[in-house]
Amino acid sequence: MAGRGTVKPHSGFNANDDAEVLYKAMKGLGTDEAAILQLLTARSNAQRQEIKAAYKTLHGKDLVDNLKSELGGKFESLIVALMIPPIMYDVKCLRDAIKGAGTDEKVLVEILASRSPNEVSQIKSLYKRGNCVCFGCVILDFDFVFSFLALFAAGEQKFGTDEGQFITILGNRSNAHLRKVFEEYRKLSGYEIEESIQRETSGTLQEVLLAVVKCARSVPGYFADSLYSAMKGAGTDDKTLIRIMASRSEVDMLDIRAEFRKRFATSLHKMIQGDTSGDYRKALLLLCGGDDA
């Protein structure tokens, strides 16, 4: 997915110059939101971290704290999300999803199903939860050994379902490898893996496993579907919209846009334009990077 993002490192980058632009945009009465959004959506996350360090050195203040005090609402949430290093942003989203009453299982499923085994390993390390990640009462251990034969035995060839085998097998292999496994599974069983998961599991576990399979088939397709669901109908799931646009803008947003246009009767750009407003919309559209009409 290298190079498939819409946000790329800015050529001629100078952290001190950018820090000064942001400082001037926020000092005194009023805030130049346009200057802030145009600059930060045109810098890579690594460059934003350098800007943050330069801002602290030059002005003795925390850039993110200043942004929070000057901005507001969904626009603030998006800009702050862009300022967090990617893995730390994943950890923050997971913590937010788990803390308090109830658990936002959709966030857990999205992040842990779509990240690579290496990224999940980093998330686990930062989260400091040991060797597993909790989905309510479901625990996914990402360190078991893979076998598509075990998958077949766990599903169609035995009475009942060894749910642990589904978890074991889907937890720690590359998407390319899993796609080959799904094909072998179909040949052996006569069923698509999704059919067996739907028949043999339920609840949160089913959601997790289906998301893993969907991501293995196409991560951009998974996110295109998630973005469409976040904006279709009345109201907008802004948390999901912000989370995906912020986390995928440097990774595979071009592919997500292409999948979105292929699957739906509109472009991602047009749907964002119709579902959002103000500086929040302007920043999202810059992250989107273009219209595929």
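Since the structure is predicted, the reported quantities are computational estimates derived from the model, not experimental observations.

## Here we look at the packing of aromatic side chains
So, step 1. Counting across every chain of the model gives five aromatic pairs.
So, step 2. Ring plane angle 75 degrees and centroid distance 5.3 Å describe the contact between Tyr-222 and Phe-223, whose orientation is recorded as edge-to-face. In this structure, Tyr-222 and Phe-223 share a single accessibility class: buried.
So, step 3. Linked through ring pairs, Tyr-228, Phe-260 and Phe-264 together constitute an aromatic cluster.
So, step 4. The lysine or arginine in question, Arg-199, covers the ring of Tyr-191, its NZ or CZ lying 4.4 Å from the ring centre.

## Observations regarding the confidence of the model for the protein chain
So, step 1. Scored by pLDDT, the protein chain has a mean of 84; 84% of the residues are at 70 or more.
So, step 2. In this model, residues 130-149 is a region of pLDDT below 50 whose contacts with residues beyond four sequence positions or in other chains number 49 contacts.
So, step 3. Below pLDDT 50 for its whole length, residues 151-160 participates in 25 contacts with residues either more than four positions away or in separate chains.

## Brief notes about the pattern of salt bridges
Oppositely charged side chains can pair when the atoms bearing their charge come close.
So, step 1. If you walk through the whole model with that rule in mind, you get 19 salt bridges.
So, step 2. In this structure, Arg-115 and Asp-90 form a salt bridge, with 2.8 Å as the shortest nitrogen-oxygen distance. Remark: Asp-90 occurs in helix H6 (residues 86-98) and Arg-115 occurs in the loop between helix H7 (105-114) and helix H8 (117-127); sequence separation between them is 25 residues.
So, step 3. By relative accessible area, Asp-90 is classed as buried at 5%.
So, step 4. Of the charged contacts in the structure, one is a salt bridge between Lys-92 and Asp-96, with a shortest N-O distance of 2.8 Å. Remark: Asp-96 and Lys-92 occur in helix H6; sequence separation between them is four residues, near one turn of the helix.
So, step 5. Overall, the relative accessible area of 39% leaves Lys-92 in the partly exposed class.
So, step 6. Exposure remark for Asp-96: the relative accessible area of 35% places this residue in the partly exposed category.

## A word on the environment of Thr-6
So, step 1. With respect to the element layout, Thr-6 can be found in the segment before helix H1 (15-26).
So, step 2. For the pair Thr-6 and Arg-248, spaced 242 residues apart in sequence, the C-alpha to C-alpha distance is 8.8 Å.
So, step 3. For Thr-6, the contacting residues outside a window of four places in its chain are Ser-249, Met-253, Leu-254, Arg-257, Leu-287, Cys-288 and Gly-289.
So, step 4. Of note is the side chain of Thr-6, whose polar atom sits 2.4 Å from the backbone oxygen of Leu-287.

## Things to note about the packing of helix H5 (residues 73-82) against helix H15 (residues 238-248)
So, step 1. One way to put it is that H5 packs onto H15 with a least axis distance of 9 Å and a crossing angle of 30 degrees. Judged by the inter-axis angle, H5 sits roughly parallel to H15. Crossing geometry of H5 relative to H15 is assigned as right-handed. Mapping the contact onto sequence places Lys-74, Ser-77, Leu-78, Ala-81 and Leu-82 in H5 and Asp-238, Ile-242 and Ala-246 in H15.
So, step 2. Split into classes, the residues belonging to the contact of H5 with H15 amount to five nonpolar, one polar and two charged.

## Points about the nonpolar core
So, step 1. Leu-22, Leu-67, Leu-227, Met-245 and Leu-268 are the most contacted members of the largest nonpolar core, which totals 69 residues.
So, step 2. In contact with Leu-22, not counting residues within four places along its chain, are Ile-36, Leu-39, Leu-40, Ile-51, Tyr-55 and Leu-63.
So, step 3. Membership of the second largest hydrophobic core comes to 10 residues, among which are Leu-209, Leu-210, Val-213 and Ala-216.

## Digging into the layout of surface pockets
So, step 1. Each pocket or cavity is described by its volume, and for the second largest pocket that value is around 450 Å³.
So, step 2. Taken together, 17 residues line the second largest pocket, and the ones lying closest to its centre are Lys-92, Cys-93, Asp-96, Lys-239 and Arg-243.
So, step 3. Sorting the residues of the lining of the second largest pocket by element identifies H5, H6, H7 and H15 as the ones contributing at least two each.
So, step 4. In terms of residue count, the dominant contributor to the lining of the second largest pocket is H6 (five residues).
So, step 5. Among the residues making up the lining of the second largest pocket, the classes are represented as eight nonpolar, two polar and seven charged.

About the criteria used
Residues numbered from 1 in each chain as written. Predicted model: local features only at pLDDT ≥ 70, side-chain atom pairs only at ≥ 80, totals over all residues. Heavy atoms only, no water. Phe/Tyr/Trp six-rings, centres within 6.5 Å; stacked < 30°, edge-to-face > 60°. Buried < 20%, exposed > 50% of the residue type's maximum accessible area, 1.4 Å probe, protein only. Lys NZ or Arg CZ within 6 Å of the ring centre and 35° of its normal. pLDDT = per-residue confidence, 0-100. Contact = heavy atoms within 4.5 Å. Salt bridge = Lys/Arg side-chain N within 4 Å of Asp/Glu carboxyl O. Helix = DSSP H or I, 4+ residues; strand = E, 2+ residues; numbered from the N terminus. Polar contact = N/O pair within 3.5 Å; in protein donor to acceptor, adjacent residues only side chain to side chain. Axes fitted to C-alpha atoms, helices over the stretch in contact; angles between N-to-C directions. Parallel < 35°, antiparallel > 145°, perpendicular 65-115°, else oblique. Left-handed = near helix turned anticlockwise from the far one by under 90°. Nonpolar A, V, L, I, M, F, W, Y, C, P; charged D, E, K, R; others polar. Core = buried A, V, L, I, M, F, W, Y, C linked by side-chain atoms within 4.5 Å. 1 Å grid on protein atoms, 1.4 Å probe; cavity = no way out; pocket = protein on both sides within 12 Å on 5 of 7 lines; lining within 4 Å. Points joined across faces, edges and corners; volume = space filled by probe spheres on them.

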